[in-house]
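# Per-entry structural report
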Amino acid sequence: MALGKGYEGQNCSLARALELVGERWTLLVVRDAFYGVRRYGAFLSHLDIPRAVLADRLNTLVDAGILQRHRYQESPPRDEYLLTERGTELWSVIYPLMRWGERHFATGEPLRTFRHATCGTELDPAGRCPACGQADVPPGDVESRPGPGIPAQPRQDPVSVALRQRPHRLLQPLL
Ligand SMILES: [Zn+2]
């Protein structure tokens, strides 16, 4: 029997959330949006994802109020995608999940580290600042820095290059 497409029979808010963010690639698109990726071409080259899949995921995220579309050029028409307030709340899910993956499934040193931008202290695995005692450091106050795990042959797409060149404040445009 084929696996059902959704979780309609599950009366559970986790199932409803997974309908959206549990789809393959979706959370990586959201992660990139936190890194300040805004444009279709930048998502495409960084994620190495089929065009149709990326277009579908962006539409789903816009429909769900997680990303908002903003037209930055009229001819030809070009849009960029920014996290909404609802989408920005996903930081408190994505960051601990990333650290959990690092703890249990990492194949090397982390590519990036995350610091509280205002004091320079590395966040703990739950996203707190140990120095300030701030429980939920908002992503706009987080700085991503190149970590020790840069591979011997690093990726050359513009997003990967920008992320390993210098520290970068989350949510600020990267390119
Ligand atoms: Zn701090």
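Let us look at the environment of P77. Looking at where P77 falls in the secondary structure, it is placed in the loop between strand 1 (67-73) and strand 2 (78-83). Given 8 C-beta atoms within 10 Å, P77 falls into the exposed group. C-alpha of P77 to C-alpha of P110: the two residues are 33 residues apart in sequence and 38 Å apart in space.

Per the domain assignment, the segments of the protein chain are domain 1 (13-86) and domain 2 (90-169). Just the C-alpha atoms count here: the centres of domain 1 and domain 2 sit 20 Å apart. Every contact between the two is made by eleven residues of domain 1 and, on the other side, eleven residues of domain 2. Among the secondary structure elements, those contributing two or more residues to the side of domain 1 that touches domain 2 are helix 2 (26-34) and helix 3 (40-47).

Following S75, the chain continues to P76 via a peptide bond in cis, the omega torsion being -5°. Looking at the secondary structure, you find P76 in the loop between strand 1 and strand 2. Positive phi outside glycine occurs at W25, with the angle close to 85°. A residue is classified by how many C-beta atoms lie within 10 Å of it, and W25, with 15 of them, is partly exposed. Positive phi is not limited to glycine here, since L171 has a value of about 75°. As for its placement among the helices and strands, L171 is situated in the segment after strand 5 (168-169). On the neighbour-count criterion, L171 (20 C-beta atoms within 10 Å) is buried.

Definitions and cut-offs
- Residues numbered from 1 in each chain as written.
- Predicted model: local features only at pLDDT ≥ 70, side-chain atom pairs only at ≥ 80, totals over all residues.
- Helix = DSSP H or I, 4+ residues; strand = E, 2+ residues; numbered from the N terminus.
- Buried ≥ 20, exposed ≤ 12 C-beta atoms within 10 Å, placed from the backbone.
- Domains from an automatic or database assignment.
- Contact = placed C-beta atoms within 7 Å.

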